[in-house]
Each structure stands twice: as structure tokens, then as C-alpha cells.
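The primary structure of each chain is shown beneath.
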Amino acid sequence: MTSPAGLAAAPIEAHVAELAAALHGPARVKARLLNEFREGLIDAARDLADDGPYGREAGERAAREAVRDFGSVVELAPGFQYELTVAQARHTARTVLLVAPLLLVCWYLVGAWNGSSGHQPPGPVAVLVAHLSGVAASAALVGGAALLATGVLARRLPTPDRLPLVVAWTGTATAAALGVSALTLAFASALAADWPLSVAAGAVVIALHARVAASARACRTCARLPAHDA
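The following refers to the structure shown. (Residues numbered from 1 in each chain as written. Predicted model: local features only at pLDDT ≥ 70, side-chain atom pairs only at ≥ 80, totals over all residues. Heavy atoms only, no water.)

1. Things to note about the layout of surface pockets
Argument step 1. Considered as a void within the structure, the largest pocket measures approximately 260 Å³ in volume.
Argument step 2. In this structure, the largest pocket is lined by 16 residues; those nearest its centre are T85, D161, P164, A223 and A227.
Argument step 3. Contributions of two or more residues to the lining of the largest pocket are made by helix 5 (73-116), helix 7 (163-191) and helix 8 (195-223).
Argument step 4. No other element matches the three residues that helix 5 contributes to the lining of the largest pocket.
Argument step 5. Across the lining of the largest pocket, the residue classes tally to nine nonpolar, three polar and four charged. (1 Å grid on protein atoms, 1.4 Å probe; cavity = no way out; pocket = protein on both sides within 12 Å on 5 of 7 lines; lining within 4 Å. Points joined across faces, edges and corners; volume = space filled by probe spheres on them. Helix = DSSP H or I, 4+ residues; strand = E, 2+ residues; numbered from the N terminus. Nonpolar A, V, L, I, M, F, W, Y, C, P; charged D, E, K, R; others polar.)

2. What to know about the state of the cysteines
Argument step 1. The full count for this structure, using the stated rule, is zero disulfides.
Argument step 2. Here C219 is not cross-linked by a disulfide; its sulfur's nearest cysteine counterpart is in C222, at 6.6 Å. (Disulfide = S-S within 2.5 Å.)

3. Focus: the pattern of salt bridges
Argument step 1. All told, the structure shown has three salt bridges when counted by the stated rule.
Argument step 2. We note a salt bridge from R38 to E13, for which the minimum N-O separation is 3.1 Å. With R38 in helix 3 (residues 27-51) and E13 in helix 2 (residues 10-22), the pair connects residues that are 25 residues apart, well separated along the chain.
Argument step 3. Judged by its relative accessible area of 22%, R38 is partly exposed. (Salt bridge = Lys/Arg side-chain N within 4 Å of Asp/Glu carboxyl O. Buried < 20%, exposed > 50% of the residue type's maximum accessible area, 1.4 Å probe, protein only.)

4. Comments concerning the side chain of T85
Argument step 1. Inspection of the secondary structure puts T85 in helix 5.
Argument step 2. When near neighbours in sequence (up to four residues on either side) are disregarded, T85 contacts P164, C222 and A223. (Contact = heavy atoms within 4.5 Å.)

5. Things to note about the nonpolar core
Argument step 1. The biggest cluster of nonpolar side chains holds 21 residues, and the ones touching the most others in it are I12, L19, L23, F37, L41 and F80.
Argument step 2. For this core, the secondary structure elements donating two or more residues are helix 2, helix 3, helix 4 (58-70) and helix 5.
Argument step 3. Counting residues per element, this core draws most heavily on helix 3, which supplies seven residues.
Argument step 4. In this structure, V96, L185, L208 and V212 belong to the second largest nonpolar core, which totals 16 residues. (Core = buried A, V, L, I, M, F, W, Y, C linked by side-chain atoms within 4.5 Å.)

6. Details of a nonpolar patch on the surface
Argument step 1. Among the surface-exposed residues, L148, V152, L153 and L157 lie close enough to one another that they form a single nonpolar patch of about 370 Å² accessible area.
Argument step 2. Relative to the helices and strands, L148 resides in helix 6 (residues 123-150).
Argument step 3. Exposure remark for L148: the relative accessible area of 48% places this residue in the partly exposed category. (Patch = residues over 30% accessible without salt bridge, like charges linked within 9 Å, V, L, I, M, F, W, Y side chains within 5 Å. Areas by Shrake-Rupley, 256 points an atom, 1.4 Å probe, with all protein chains shown as cover.)

7. Quick look at the side chain of S215
Argument step 1. Mapped onto the elements of the fold, S215 is located in helix 8.
Argument step 2. Classification of S215 by relative accessible area gives buried; the value is 4%.
Argument step 3. Once residues within four sequence positions are removed from consideration, S215 is found in contact with Q88, H91, T92 and T95.

8. Focus on the packing of aromatic side chains
Argument step 1. By the definition in use, this model includes two aromatic pairs.
Argument step 2. Consider the rings of F37 and F70, whose centres lie 5.8 Å apart with planes at 65°: the pair is edge-to-face. With F37 in helix 3 and F70 in helix 4, this residue pair connects regions lying 33 residues apart in the sequence.
Argument step 3. Judged by its relative accessible area of 5%, F37 is buried.
Argument step 4. By relative accessible area, which is 32% here, F70 ends up partly exposed.
Argument step 5. Taking 5.5 Å as the distance between ring centres and 75° as the angle between the ring planes, the aromatic pair formed by F37 and F80 counts as edge-to-face. You can see F37 sitting in helix 3 and its partner F80 sitting in helix 5, a full 43 residues away along the chain.
Argument step 6. Above the plane of the ring of W169 lies R220, whose end atom (NZ or CZ) is 5.3 Å from the centre. (Phe/Tyr/Trp six-rings, centres within 6.5 Å; stacked < 30°, edge-to-face > 60°. Lys NZ or Arg CZ within 6 Å of the ring centre and 35° of its normal.)

9. Focus: the environment of S138
Argument step 1. By the secondary structure assignment, S138 is in helix 6.
Argument step 2. Along the primary structure S138 and A100 are separated by 38 residues, whereas in three dimensions their C-alpha atoms are 8.9 Å apart.

10. Brief notes about the environment of R90
Argument step 1. Along the chain, the position of R90 falls in helix 5.
Argument step 2. The contacts of R90, once residues within four sequence positions are left out, are L147, T150 and G151.
Argument step 3. Polar contacts involving the side chain of R90 include one to the side chain of T150, which spans 2.9 Å. (Polar contact = N/O pair within 3.5 Å; in protein donor to acceptor, adjacent residues only side chain to side chain.)

Structure below.
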């Protein structure tokens, strides 16, 4: 019986590497899908080697035949990409859902501290904060809905094709709101007596901005790639 090590030959590894280069999405999910794909190819090649008249070259020939039977990267990539796109959309939606309330908390703490010390932000800043808070609340609702649509509801209803793109742009809007919030907090810190609190809140918001922006950018990349439900 041909050993698995002999079957994990160049044809299989080359096919897996080519498929990996064509896919985009969360690294952990991508690695799991590729490992499952590799194991499937090795199992198929083992069966072919055991049944085929290949002799010493059984491993490589069986691997090539298994690769051919499984299909080309052009045929396989859309199905894999669909799973990765949904996974990335869930990751971005989860990030938005967790981050947006933190932005509201930062604004609340800074506002409460300023109010207790007798300082109030200028009118334009208060209006801007109200709008940014609205963006954060709306984004959190979209993130929660996306998690439902790709989780519990996905068992009964198909995931909308444009949902990943909606999540991506929701994440982008959230990242923009976080960036503007960081600038606003920096401005507020220059006016407030309790500037250390505003600076600390601004630093937290900048870190959140970087995290959300990276996730939203990855989600946009995935959403623009051709994919179909496997």
C-alpha cells in the first residue's frame, strides 16, 4: 500500500499552492480549507494507486490523476472563495459589532467627565459627535444583522449575494467615523481641562480604527472576487 508521504508529491502540492494563490480571506479559515483539500487529494491518490497498475511510479501518477479528477483551479476557486468571502464578512461584521459600542462608550465617558468638570464641547463638536454616534449605532445594527444572515438564518435562507459588500462598506464607514472621532477627540483634548482622558480615548479610537479599516479592506477584496455557493 502506497504511503501518504509518497502521495503528497509535487503534483498535489503544486495544485494546492496554485489554489492558495487564487484565494483571499481569513488566514485560519483558508488554511483549514486548503488542508482539507490536500487531504482529499491524498486520499483519492491513495485509492487510485492501490487500484492502478502504476508500479513504482504509483504515487506521482496517482497524484496527477487525482488532481485532474478534482478539477482545475479555475473550476475550484469560486466555491472555495465563496466560503472565504462569507467567513471574512462574518469577521468584519463581528468586528464592527464589537467596536461600534466602544466608540459610543468613549464619547459617553468623555462627555460625562467634561460635564462634571463644568466644561462643554463647542456646538459644532456636539453636532458632529451626534452624527458619529448615529453612524456607530447603524453600523452595529448592520453587523448584527449580517451575523444572523450568515449564521442561524443561513441554515434556512440563502445568504444574499451583496451582503459581503454591504458589510465591507459598513466597516469602511465605521473606520471613517473612528478616524474622524480620533481627530475630534484630539481637538477636544486641547480645549478640555481633563485632556489626559480625551487623549487616552483618542488613542483607543485610533487603534480601533486600524483594526476595522484592515478588516473592511479585506472584506472589500473578497467581495469583489468571483464566487459561487459551493
